[in-house]
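# A structural walkthrough
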Amino acid sequence: MGFSKLKIPKLCEFCEKPFEAKTVSTRFCSKYCSEKQAKRQKNLAKELEEKQSFLKQSAKKIAQIQTRPYISVSEAVILFGISKDTIHRLIKSGRIPAHNFGQRLTRVSKLDLESLFTPVESPLETEEEKSDFVVGNCYTISEVSKKYKANPGTVNNLIRRNKIPTKQVGSFVYVPKRYIDEIFDPK
Ligand SMILES: [Zn+2]
């Protein structure tokens, strides 16, 4: 046994040049390349660690910002992922009010920004939605209950669970027929 005279053709894992290895486990063409690779590995690990600690830091910062109703412009940048310029433009155009808590202490309200960047839950009513409560297009709860032989409690539950819009007129609660019929009598 001992050294094999056979040379094994390989590619260096650092410089990627072909070389003849003495053993199957040789990975680098030279000591230089093997040291370079070790250094690169170490740097990568360090970078990763730094990145993770940065993420941890910003998570902490974000959590902290989120507890305050008024935030600075640079905090708004972090929280909403928009640029300083955008925020200043929003303030200048009057879309959000700026609150001055002293010199160089411009604060914006988190709620103001949230309402700008969160989609409105029910946008403009469609024509169909407008006509939902026109006489003839809606039932009262007791009409639903009579028509579909369901007790009023069940009807109310269904309305709530399916988030069906209702309208109260005096002591009557109206619900659009189209939603109710879809549930009880799907076509
Ligand atoms: Zn090499």
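Reading the values: rules and limits
- Residues numbered from 1 in each chain as written.
- Predicted model: local features only at pLDDT ≥ 70, side-chain atom pairs only at ≥ 80, totals over all residues.
- Heavy atoms only, no water.
- Donors = N, O, S within 2.8 Å, 3.2 Å for Na, K, Ca; no water.
- Tetrahedral: all angles 85-135°; square planar, octahedral: opposite > 155°, others 65-115°.
- Helix = DSSP H or I, 4+ residues; strand = E, 2+ residues; numbered from the N terminus.
- Buried < 20%, exposed > 50% of the residue type's maximum accessible area, 1.4 Å probe, protein only.
- Domains from an automatic or database assignment.
- Phe/Tyr/Trp six-rings, centres within 6.5 Å; stacked < 30°, edge-to-face > 60°.
- Pairing = 2+ DSSP bridges.
- Axes fitted to C-alpha atoms, helices over the stretch in contact; angles between N-to-C directions.
- Contact = heavy atoms within 4.5 Å.
- Left-handed = near helix turned anticlockwise from the far one by under 90°.
- Lys, Arg positive; Asp, Glu negative; His and termini not counted.
- Salt bridge = Lys/Arg side-chain N within 4 Å of Asp/Glu carboxyl O.
- Polar contact = N/O pair within 3.5 Å; in protein donor to acceptor, adjacent residues only side chain to side chain.

This part takes up the coordination of the zinc ion. Within the protein, Cys12 (SG), Cys15 (SG), Cys29 (SG) and Cys33 (SG) serve as the donor atoms for the zinc ion, at 2.3 Å. Note that the zinc ion binds 4 donor atoms; their angles at the metal cover 101 to 116°, and the shape is tetrahedral. In primary-sequence terms, the residues that donate to the zinc ion follow C-x2-C-x13-C-x3-C. In this pair, Cys12 sits in the loop between β1 (8–11) and β2 (18–21) while Cys33 sits in helix α1 (residues 31–65), placing the two residues 21 residues apart along the sequence. A relative accessible area of 2% places Cys12 in the buried class.

What follows deals with the domain arrangement of the protein chain. Parsing the protein chain into structural domains produces domain 1 (28–57), domain 2 (68–117) and domain 3 (128–184). The distance between the C-alpha centroids of domain 1 and domain 3 comes to 65 Å.

Before going further, it helps to examine the packing of aromatic side chains. Throughout the structure, instances matching the rule amount to 2 aromatic pairs. Relative to Tyr174, the ring of Phe172 lies with its centre 6.5 Å away and its plane at 50°, an arrangement referred to as tilted. Judged by its relative accessible area of 23%, Tyr174 falls in the partly exposed class.

Okay, the sheet that holds strand β7 (residues 167–169) next. Strand pairing in a sheet takes place through backbone hydrogen bonds and is either antiparallel or parallel in direction. In space, the 3 strands of this open sheet follow the order β6-β8-β7, with antiparallel pairing throughout. Looking at strand neighbours, the two that pair on one side only are β6 (138–140) and β7, the edges of this open sheet. The mean inter-strand angle of the sheet, taken between neighbouring strand axes irrespective of direction, is 35°. As paired elements, β7 and strand β8 (residues 172–176) share 3 bridges and run antiparallel to each other. Note on β8: the bridge partner recorded for Gln168 is Val173. Contacts between helix α8 (residues 177–184) and the sheet are confined to β6 and β8, with β8 contributing the most and set at about 70° to the helix.

A few words now on the sheet that holds strand β5 (residues 106–109). On the basis of which strands lie adjacent, the open sheet formed by 3 strands has the order β3-β5-β4 and antiparallel pairing. At either margin of the open sheet sits one strand with a lone partner, and together these are β3 (70–72) and β4 (98–100). The mean angle between the axes of side-by-side strands here comes to 45°, regardless of whether they run parallel or antiparallel. Summarising the sheet, β3 and β5 pair through 3 bridges and their orientation is antiparallel. Paired with Tyr70 across the bridge in β5 is Ser109. Contacts from helix α2 (residues 73–80) reach β3 and β5 within the one sheet, and its direction differs from that of β3 by about 100°.

This part is about the pairing of β2. Judged by which residues are buried, β2 turns out to be one-sided: Phe19 and Ala21 face inward and are buried, whereas Pro18 and Glu20, on the alternate face, are not. Hairpin remark: β1 followed by β2, antiparallel, with 6 residues in the connecting loop; positive phi at Glu16, about 60°.

As a packed pair, α2 and helix α4 (residues 110–117) sit with axes 12 Å apart at the nearest point and diverge in direction by 35°. Where α2 crosses over α4, the handedness of that crossing is right-handed. Residues Ala76, Leu79 and Phe80 of α2 form the contact with α4, whose own contacting residues are Lys110, Leu113, Glu114 and Phe117.

Relative to the helices and strands, Lys110 resides in helix α4. Notably, Lys110 is buried but unbridged: the nearest opposite-charge side chain belongs to Glu114, and the N-O separation is 4.6 Å. Of note is the side chain of Lys110, whose polar atom sits 2.5 Å from the backbone oxygen of Gln66. Other than its neighbours up to four places away in sequence, Lys110 contacts Ile65, Gln66, Thr67, Arg68, Pro69, Ile71, Leu79 and Phe80.

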